Amino acid sequence: MSRRGGRAAQKAQADERAGAARPTVTVCRGCCCGTPKIPRLDHAAQLRELRTALADSASVRVVDCLDACEQANVIVVQPSAEGRRAGGRPTWLGLVNDPGATADIATWTASGGPGLADPPDILDLYAFQPSRRVRHAVEED
């Protein structure tokens with residue numbers, strides 16, 4: 001076995017032990033996301049819905065600021081270790097400001113998320129690519 005293959009296998013095993021066996025949904029709750037700056041959305045209910053819907057299938061974490069304020073509210077769906085091996089990559093979703101979008105994110109993630117399940121077509125409207133600096137800070141956690 002090559003060194004590279006051995007390291008990849010070790011990283012995959014470490015990811016699985018560290019909880020990467022499940023997709024991770026990262027919810028921004030910083031300076032803009034989750035604040036009154038985004039009106040007409042019950043931010044607490046959005047987070048509660050994600051945690052309830054994904055309790056058995058994904059990890060939900062809240063972070064301070066993802067530095068993509070122009071896209072508030074931002075949610076990042078990161079693949080499980082299996083999803084990553086299948087080619088899944090983190091999906092950045094912005095302007096997630098209605099309950100229907102939150103429900104679609106929860107349903108897709110519970111079905112396996114990136115790499116394992118196709119997202120509902122409607123989520124294409126929310127997808128965006130943040131800067132490389134911002135992406136690296138979140139996706140390498």
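Small disclaimer: the values here were computed from a predicted structure and weren't measured.

(A) Summary view of the overall build of the protein chain. The helix and strand tally for the protein chain stands at 5 helices and 4 strands. Mapped from its N terminus to its C terminus, the protein chain presents α and β elements in the order α-β-α-β-β-α-β-α-α. Residues classed as buried in the protein chain amount to 41% of the 141 residues present. Looking at the protein chain as shown, the accessible area adds up to about 7,900 Å², and 50% of this sits on carbon and sulfur atoms.

(B) Quick look at the side chain of N73. Inspection of the secondary structure assignment puts N73 in the loop between β2 (59-63) and β3 (75-78). Given a relative accessible area of 0%, N73 falls into the buried group. Only 3.2 Å separates the side chain of N73 from the side chain of H43, close enough to count as a polar contact.

(C) The packing of helix α2 (residues 43-53) against helix α4 (residues 99-110), seen in detail. Here α2 crosses α4 at 20°, and the two axes come no closer than 10 Å. By the angle between their directions, the pair α2 and α4 is classed as roughly parallel. Note that α2 runs across α4; the crossing there is right-handed. Counting all contacts with α2, which are made through Q46, E49, L50 and A53, the residues of α4 involved are P99, T102, A103, I105 and A106. Of the residues in the contact of α2 with α4, the class split is 6 nonpolar, 2 polar and 1 charged.

Quick notes on the rules
Residues numbered from 1 in each chain as written. Predicted model: local features only at pLDDT ≥ 70, side-chain atom pairs only at ≥ 80, totals over all residues. Heavy atoms only, no water. Helix = DSSP H or I, 4+ residues; strand = E, 2+ residues; numbered from the N terminus. Buried < 20%, exposed > 50% of the residue type's maximum accessible area, 1.4 Å probe, protein only. Areas by Shrake-Rupley, 256 points an atom, 1.4 Å probe, with all protein chains shown as cover. Polar contact = N/O pair within 3.5 Å; in protein donor to acceptor, adjacent residues only side chain to side chain. Axes fitted to C-alpha atoms, helices over the stretch in contact; angles between N-to-C directions. Parallel < 35°, antiparallel > 145°, perpendicular 65-115°, else oblique. Left-handed = near helix turned anticlockwise from the far one by under 90°. Contact = heavy atoms within 4.5 Å. Nonpolar A, V, L, I, M, F, W, Y, C, P; charged D, E, K, R; others polar.

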